[in-house]
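Take a look at the letters that make up each chain.
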Number of protein chains: 2
Amino acid sequence: MSHSNIYIKDDEIDIVIGALRTDLTAFLNDWRPVFSRFHLIIVKDPDLKEELKIPEGFNVDIYTKSDIDRLVGSSSILFYGYSCRYFGFLVSRNKYIVSVDDDCFPAKDKDGSLVDIVAQHAANLTTPATPFFFNTLYDPYRKGADFVRGYPFSLRSGVQCALSCGLWLNLADYDAPTQALKPEQRNSRYVDAVLTVPARALMPMSGINIAFDRELVGPALFPALRLAGEGKLRWETMEDIWSGMCAKVVCDHLGFGVKSGLPYVWRTERGNAIDSLRKEWEGVKLMEEVVPFFQALRLKRTTVKAEDCVIEVAKEVKEQLGKVDPVFGRAAEAMVDWVRLWRAVGSSSS
Amino acid sequence: MSHSNIYIKDDEIDIVIGALRTDLTAFLNDWRPVFSRFHLIIVKDPDLKEELKIPEGFNVDIYTKSDIDRLVGSSSILFYGYSCRYFGFLVSRNKYIVSVDDDCFPAKDKDGSLVDIVAQHAANLTTPATPFFFNTLYDPYRKGADFVRGYPFSLRSGVQCALSCGLWLNLADYDAPTQALKPEQRNSRYVDAVLTVPARALMPMSGINIAFDRELVGPALFPALRLAGEGKLRWETMEDIWSGMCAKVVCDHLGFGVKSGLPYVWRTERGNAIDSLRKEWEGVKLMEEVVPFFQALRLKRTTVKAEDCVIEVAKEVKEQLGKVDPVFGRAAEAMVDWVRLWRAVGSSSS
């Protein structure tokens, strides 16, 4: 399939890192070949006491607790732990954001070359997505691929891609029970594919390695669901899963695509899964309520902006899930607050 | 994910080959390491005049025009060309069918080993499918994989898989326009993944390399849509695409899964795409009617058997598409005839 690639300039991308550890030296040095051309936004977890250690040679803006307090003031949103990165999404002025956890390192592809996650995410976001019909050879816009026989020609121009979800080698993004049951399990399978997650199909978006078009779907990437027992380990969080469900529903409603697959990052170990088991079950239980809710959710035809979609989802969350568990009422409130902040800082598209 | 694999015995599988060429010597000798343990059903295209050449050492039943005429008699179904294989689906007495085109040869996997398509299709069909929520690490039942964080536990047992659609290396299953535009294009990307196509997402099923559970979904794999200009080249056919849409809708309705991905076959060239261009556009145009129809189709809750689903789909096809093009009216008639035959030969499940 020939297509007109949108060309992204380096200064249209912000790389946003939530710093949950003080010393980012190894992390940034490993990523230097990929990140050094871009503007970095690093948001320091307000719980971190010491100074951040950042190696030289990066174009970086660092945001700390005082920046968050000044801009956000009193709000139901808590920018602590993994949620601190979302402050970077808020203050970014760029069209595209790439965000990775600070315990991820560059992976190698099948040929042993360093994976350039920015280039791959950019390719995912700037080539069309195909949510309305599944292409069995995966991304039809990729070099050497195409639409297969039977794919309707009227759908071959695709739609804009708003969200790109990358994957993980070594330590995959499993929950605590799975990690605890299979402590030795490592993901070594490099699946050389990108695909569009079909419309109306839900997925567990992991915030570990993602990129998105801020103008299209930025308002739907927020830290709203915070577990009571949430800690500083990925498997103790659900903010990205919740936000990802909301973002998928918003993309489906607005006719944008969500891709999953390449690029991979190499994820290193942190924490003890068995210690987290007690906490995790809260999130596991909540998913049983969350999935049917989002599967049934349909937004009003007249709602045509991502931020208005988020407000509408928040209203439904409050009405339908608020009575199930207070965590959902708080999430709904945080979503409304998020849109208010988004507009206040001038990120709103109108 | 630990799971209880269903164990398939060799004699529960039929390998069905539609012979569109007389000399199957090279084809069968290449497949010998994979096929020799199984019962083969070879259906000779009634248009072929000469004797089939079949090498020794296979457990094979051959069906020819006289067998078809005797069993089918007068029917709206035409078992010519690629459609001849479906006669094999009809007369099979086994639970599982694996079917490949006779211009496909064994592929090699990433490690250079011969791909055992029977073993891989069997694995796809005997491990659960997960149509109701997308797992970003693909098939969670595969060795070394699992459900990712956020995947609802209540959906982790999955559902039965009824249909497994394999892929193609070298010459991919493109339509004639794509082949004509990119005559040099070859598929060399081995994507090491199997995934469940999500519920309600449609896909272009290719009949080149498939396997299915005859008991669950056999009645939905039929040759019903025959193009006026259909010839002996894959890109001139649409019977598999049409049947695949129907099978997907039936699987979605009955709560069975459809998988796509591994195994690959190595597909060799046959025919000149430019010669087929004129014919192909008929199928291309039809797809624009077919896709919205199947996307909107919902079967009655009370229809709980695959063969009754096919009858119901046929009724809707006749009512909704019959007026658009006579080809659809004929397809509807053939589907009803197919179910009649299915029951007559004793393939019906009750």
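Reading guide: rules and limits
- Each chain has its residues counted from 1, running along the sequence as written.
- Chain labels run from A onward and ligand labels from 1 onward, assigned in the order the entries are written.
- A pLDDT threshold of at least 70 governs which residues receive local features in this predicted model, and a stricter bar of 80 or more applies before side-chain atom pairs are shown or counted, although totals over entire chains, interfaces and linings include all residues.
- As a rule here, side-chain values come from all non-hydrogen atoms in the structure, and water together with hydrogens is ignored.
- All axes here are fitted lines through C-alpha atoms, helices being fitted over the stretch that makes contact, and every angle between N-to-C directions spans 0 to 180 degrees.
- Put simply, DSSP H or I for four residues or longer makes a helix, DSSP E for two residues or longer makes a strand, and each gets a number counted from the N terminus.
- Orientation labels follow simple angle bins: below 35 degrees gives roughly parallel, above 145 gives roughly antiparallel, 65 to 115 gives roughly perpendicular, and whatever is left gives oblique.
- Here a crossing is called left-handed whenever its near helix is offset anticlockwise from the far helix by less than a right angle, and right-handed whenever the offset is clockwise.
- Working rule for contacts: check all heavy atoms of both residues, and any pair within 4.5 Å makes them a contact.
- When the sulfur atoms of two cysteines come within 2.5 Å, that pair is taken as a disulfide.
- Exposure classes here rest on a 1.4 Å probe applied to the protein chains alone. A residue is buried below 20% of its type maximum, exposed above 50%, and partly exposed in between.
- We superpose the copies by least squares over the C-alpha atoms of residues that have a pLDDT of at least 70 in both of them.
- Basic side-chain nitrogens of Lys or Arg form a salt bridge, by our definition, when they fall within 4 Å of a carboxyl oxygen of Asp or Glu.
- Counting of polar contacts relies on pairs of N or O atoms within 3.5 Å, with two restrictions inside protein: one atom must be capable of donating a hydrogen and the other of accepting it, and residues adjacent in sequence are counted only when both atoms are side-chain atoms.
- Ten residues, namely Ala, Val, Leu, Ile, Met, Phe, Trp, Tyr, Cys and Pro, are considered nonpolar, four, namely Asp, Glu, Lys and Arg, are considered charged, and the remaining ones, Gly among them, are considered polar.

> Is there a simple way to explain the packing of helix α9 (residues 306–321) of chain B against helix α10 (residues 326–344) of chain B in this structure?
Angle between the axes and distance between the axes: these two values describe a pair of packed helices. Residues and elements named next belong to chain B. Packing of α9 against α10 brings their axes to within 8 Å, and their N-to-C directions diverge by 165°. It follows from the interaxial angle that α9 and α10 lie roughly antiparallel. As for how α9 packs across α10, the hand of that crossing is left-handed. Contacts between α9 and α10 involve Glu307, Asp308, Val310, Ile311, Val313, Ala314, Val317, Lys318 and Leu321 on the former and, on the latter, Phe328, Ala332, Met335, Val336, Val339, Trp342 and Arg343.

> Would you take a moment to explain the state of the cysteines for this structure?
Where two cysteines share a covalent bond between their sulfur atoms, that bond is called a disulfide. All names here are of chain A. Scanning the entire structure with this criterion turns up zero disulfides over all chains. Take cysteine 246: it sits in no disulfide, and the sulfur closest to it among the cysteines is that of cysteine 309, at 8.3 Å. Judged by relative accessible area, cysteine 246 falls into the buried class, the value being 0%.

> Would you mind showing me how to read the relation of the copies chain B and chain A here?
Relating one copy of the chain to the other requires a rotation about an axis plus a shift along that axis. Overlaying chain B on chain A yields an RMSD of 0.0 Å, the required transformation being a rotation through 180° with an accompanying axial translation of 0.0 Å. Both copies of the chain, as the preceding transformation shows, are related through a two-fold rotation axis. Measuring from the rotation axis to each C-alpha of chain B, the shortest distance belongs to valine 191 of chain B, at 2.8 Å. Comparing interface residues between copies, 100% of those in chain B also sit at the interface in chain A, which points to an isologous, same-surface contact.

> Any chance you could explain the interface of chain B and chain A here in plain terms?
Where interface size is quoted, it is often the accessible area lost as the parts come together. Between chain B and chain A, the residue contacts involve 65 residues of the former and 65 residues of the latter. The interface formed by chain B and chain A contains ten salt bridges. The closest approach of N and O atoms between aspartate 173 of chain A and arginine 149 of chain B, which form a salt bridge, is 2.8 Å. Counting the contacts that link chain B with chain A gives 24 residue pairs in polar contact (both at pLDDT 80 or more). When contributions to the side of chain B that touches chain A are tallied by element, the ones reaching two or more residues are β6 (161–170), α5 (176–181), α7 (239–254), β9 (257–267) and α8 (273–296) of chain B. The element contributing the most residues to the side of chain B that touches chain A is α8 of chain B, with six residues. Looking at the side of chain B that touches chain A, its residues break down into 36 nonpolar, 14 polar and 15 charged.

> Whenever I open this one, unusual backbone geometry confuses me. Can you help?
Among all residues except glycine, the phi angle is most often negative; among peptide bonds, the trans geometry is most common. For the bond running from leucine 262 of chain A to proline 263 of chain A, omega is 5°, close enough to zero to count as cis. In this fold, proline 263 of chain A is placed in strand β9 (residues 257–267). We note that asparagine 170 of chain B has phi near 70°; this positive angle belongs to a residue other than glycine. Looking at the element boundaries, asparagine 170 of chain B is found in strand β6. Judged by relative accessible area, which is 16%, asparagine 170 of chain B ranks as buried.

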